[in-house]
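# Reading the structure
Residue-level listing of the chains:
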Amino acid sequence: MRLSELFFTTLREAPAELEMPSARLLVRAGYIRQLGSGIFTLLPLGFRVAQKIEAIIREEIDAIGGQEMSMPVVHPADLWRESGRYQKIGPEMVRFKDRASRDMVLAMTHEEVVTDLLRDIVQSYRQLPLIVYHFQTKFRDEPRARGGLIRVREFVMKDSYSCDLDSAGLDRSYRLHYDAYTRIFERIGLETVPVGADVGMMGGSLAHEFMVLNPLGEDTLVLCENGDYAENQQIAGVRKPDSAPEDALPLEEVDTPGTTTIASLAALLEVGTDRTAKAAFFADRSGRLITAIVRGDFDVNETKLANAAGALDLRPAQAEQIVAAGMVPGYGSPIGAHDTLVIVDDLVAASPNLVAGANRDNTHYRNVNVPRDFAPDLVTDIVNAREGDTCPHCGGRLRLANGIEVGNIFKLGTDFSAALGATYLGEDGERHPVVMGSYGIGLGRSLACVVEAHHDDKGIAWPASVAPYAAHLVAIGGARDASVTDAAEGLYQRLTDAGVDVLYDDRDESPGVKFTDAELLGMPLILTISPRSLAAGGAEVTVRATGERSIRTIEELEAELVAELVAR
RNA sequence: CGGGGCGUAGCGCAGCCCGGUAGCGCGCCUGCUUUGGGAGCAGGAAGUCGCCGGUUCGAAUCCGGCCGCCCCGACCA
């Protein structure tokens, strides 16, 4: 491709509203353009990268037996009513009516459609197992798009679905995807950490997320220094510290003016935050008040709390509701409370003589003991693992890191097949629900993560596997020296004819512009042909990622690039 | 949805406080010169100042409403 003909432009300065390095570079280099909040166009360069990533994913999913197909983006709402998600999912699903007033939705994911196909097509155990997949647009009306391509509302996902006879089959399909994902991300140049994860709206029993470590990532990961433990903080286990045994002392009221935070309370009473109990108040969608009690040195984990409460989602409770339940925000505890579900962290239950709210302004109790002073509805782990906590596996130190989720794998089980009636007739003559798994990779997000991982202050430095072109050919001084143009045109022609993708900067621009753009665009190799390089014997080859330069004859260069193409 | 910020030419910005002919840099077009690190000179094109309404002789500027975008939080497969 000749740069003079490519539909693109580079920008000296990125649009002010973009902060994420990948978004700034992709816009500046002419790979993407933003149309609206969380809605992007892939320009020809960006589209080529997406296609390269897609091709790698396709190879790997085909290799584990996946059959590619294509499912629609617009679905009848009734299908989603059957699975229950029409009611369960909030406003992030776009709903509308067609001209006949039928309720429709935009696809956020495709479990329902796959399951609908299964109940239509699969009758016998002989038709299983199978893996189907597609690359398709999803629309999720995120409350807040952010980070360029990292969190968008419209995006293409590779989603595959495994359909098995039983859970042993699902285990195999899950493992196949786990290994395929590991290869895929390695091939596209992403270092990922698979972490155990919450199953969220997918339901099912087991899930992993493939995370790219990135300080701007939206997820918090809990990692063991010994490398034997990696989980999303949403579900990460916590080995609780032991508390020294003490006899329960009598409840004692204490004046604590102006101490609505644990920090100020502990400072006033001159005790550690680990001697306090913290109350946090949430409401679920049905309006039920949930009071969470954790030790003052820990934070509430809302995912664990929601799972413990059996709640679909949690929101901070309104002060009026807390007061109506007999508690005082800032000085709250379940002592004397009513009309609330009380969920207590197991560490609180094991810690004697804590300071807790007295449900009166400026007043706390000392020596609160569970269950002597209030009766929990449930005692379980509802706190976040912290930096430096003890690994539940090996006793090593845990560290926290931010990550971006580029892929996920879920064991769905039979939730969808049972709800929609996707069953097969087994060898035993009985009907059984198909056992399903669901596996996603976000294309655009992966693309952005590659840029996050492969760039410098000059621009992008694509890994060869996903670069839109294998090389960027720059001709310098062609206007004065016809031999430069001849050599560059000749090399471009022969490489192109040989099937090597070359981006050829044939524009009438100054050397500075051409070099700067080449570095910004980020092809793995920059080939410079100029009077100087010709005098030195051919073309100058610069490895974009390392800056390493060397001179090759045109023939060597051709042979090398063609050989590399064949190798891939 | 709560908090904060921003909308003026393709991009980056000034002008707004204190109302009076819409500006700067880059980019773009034409010509000449230049050609190994974002060239020089000359000429030129391009803006409903986000939208609607109000105040005023007069609004980019003041007032009200709305819309859009970004950041933090909430939320999130």
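Residues numbered from 1 in each chain as written. Chains lettered and ligands numbered in written order. Predicted model: local features only at pLDDT ≥ 70, side-chain atom pairs only at ≥ 80, totals over all residues. Heavy atoms only, no water.

### Describing the protein's contact with RNA strand B
The environment of RNA strand B is made up of 47 residues, and the closest members are Arg-12, Arg-140, Arg-144, Glu-519 and Ser-530. In RNA strand B, atoms within 4 Å of the protein come 55% from sugar and phosphate. If you list the elements that add at least two residues to the surface near RNA strand B, you get strand E1 (32-36), strand E8 (154-164), strand E21 (398-413), helix H14 (511-521) and helix H15 (531-535). Sorting elements by how many residues they give to the surface near RNA strand B places H14 first, with seven residues. (Near = heavy atom within 4 Å. Helix = DSSP H or I, 4+ residues; strand = E, 2+ residues; numbered from the N terminus.)

### Observations concerning the sheet that holds strand E14 (residues 277-284)
The five strands are arranged E16-E14-E15-E17-E20 in an open sheet whose pairing can be described as mixed. Because the sheet does not close on itself, it has two edges, and the strands there are strand E16 (314-316) and strand E20 (378-380). This sheet shows a mean twist of 35° between the axes of neighbouring strands, independent of strand direction. Pairing geometry for strand E17 (residues 341-345) and E20, over three bridges, is parallel. Counted as the bridge partner of Ile-343 is Leu-378 from E20. Across the face of the sheet, helix H8 (residues 302-309) comes into contact with E14, strand E15 (289-295), E16, E17 and E20 while running at roughly 130° to E17. (Pairing = 2+ DSSP bridges. Axes fitted to C-alpha atoms, helices over the stretch in contact; angles between N-to-C directions. Contact = heavy atoms within 4.5 Å.)

### Focus on the sheet that holds strand E30 (residues 539-543)
Strand order in the open sheet made by the five strands is E28-E27-E29-E30-E31, with mixed pairing throughout. Since the sheet does not close on itself, it has two edges, and those belong to strand E28 (502-505) and strand E31 (549-552), each with one partner. Neighbour to neighbour, the strand axes of the sheet diverge by 25° on average, direction disregarded. Examined bridge by bridge, strand E27 (residues 471-475) and strand E29 (residues 525-529) share five bridges and lie parallel to one another. Note that in E29 the partner of Ala-471 across the bridge is Leu-525. Sheet strands touched by H14: E27, E28 and E29. Its angle to E27, the strand with the most contacts, is close to 175°.

### Describing the domain arrangement of chain A
In terms of domain boundaries, chain A breaks down into domain 1 (21-236 + 400-451), domain 2 (252-380) and domain 3 (469-567). Computed from C-alpha coordinates alone, the two centres of domain 1 and domain 3 are separated by 40 Å. On the side of domain 3, five residues touch domain 1, which itself brings seven residues to the contact. Summed over both partners, the interface of domain 1 with domain 3 comes to about 580 Å²; 58% of that surface belongs to carbon and sulfur atoms. Our count for the contact surface shared by domain 1 and domain 3 stands at two residue pairs in polar contact (both at pLDDT 80 or more). (Domains from an automatic or database assignment. Buried area = accessible area lost by both parts, 1.4 Å probe. Polar contact = N/O pair within 3.5 Å; in protein donor to acceptor, adjacent residues only side chain to side chain.)

### Looking at the side chain of Ser-162
Residue position: Ser-162 is located in strand E8. One polar contact links Ser-162 to Tyr-439, side chain to side chain, over a distance of 2.7 Å. In this structure Ser-162 touches Leu-130, Ile-131, Leu-170, Ser-173, Val-435, Met-436, Gly-437 and Tyr-439, once residues within four positions along its chain are discounted.

### Quick look at helix H13 (residues 482-497)
An α-helical segment advances 3.6 residues per turn. Residues three or four places apart therefore align on the same side. The terminal C-alpha atoms of H13 lie 22 Å apart, and with 16 residues this matches the ideal 22 Å at 1.5 Å per residue to within 8%. Those residues of H13 that fall on the buried side of the exposure criterion are Val-484, Ala-487, Ala-488, Gly-490, Leu-491, Tyr-492 and Leu-495. Where H13 is buried, its residues meet E27, E28, E29, H15 and helix H16 (554-567). Two residues or fewer after H13 comes Gly-499, characterised by a positive phi angle close to 95°. (Expected span 1.5 Å × (residues − 1). Buried < 20%, exposed > 50% of the residue type's maximum accessible area, 1.4 Å probe, protein only.)

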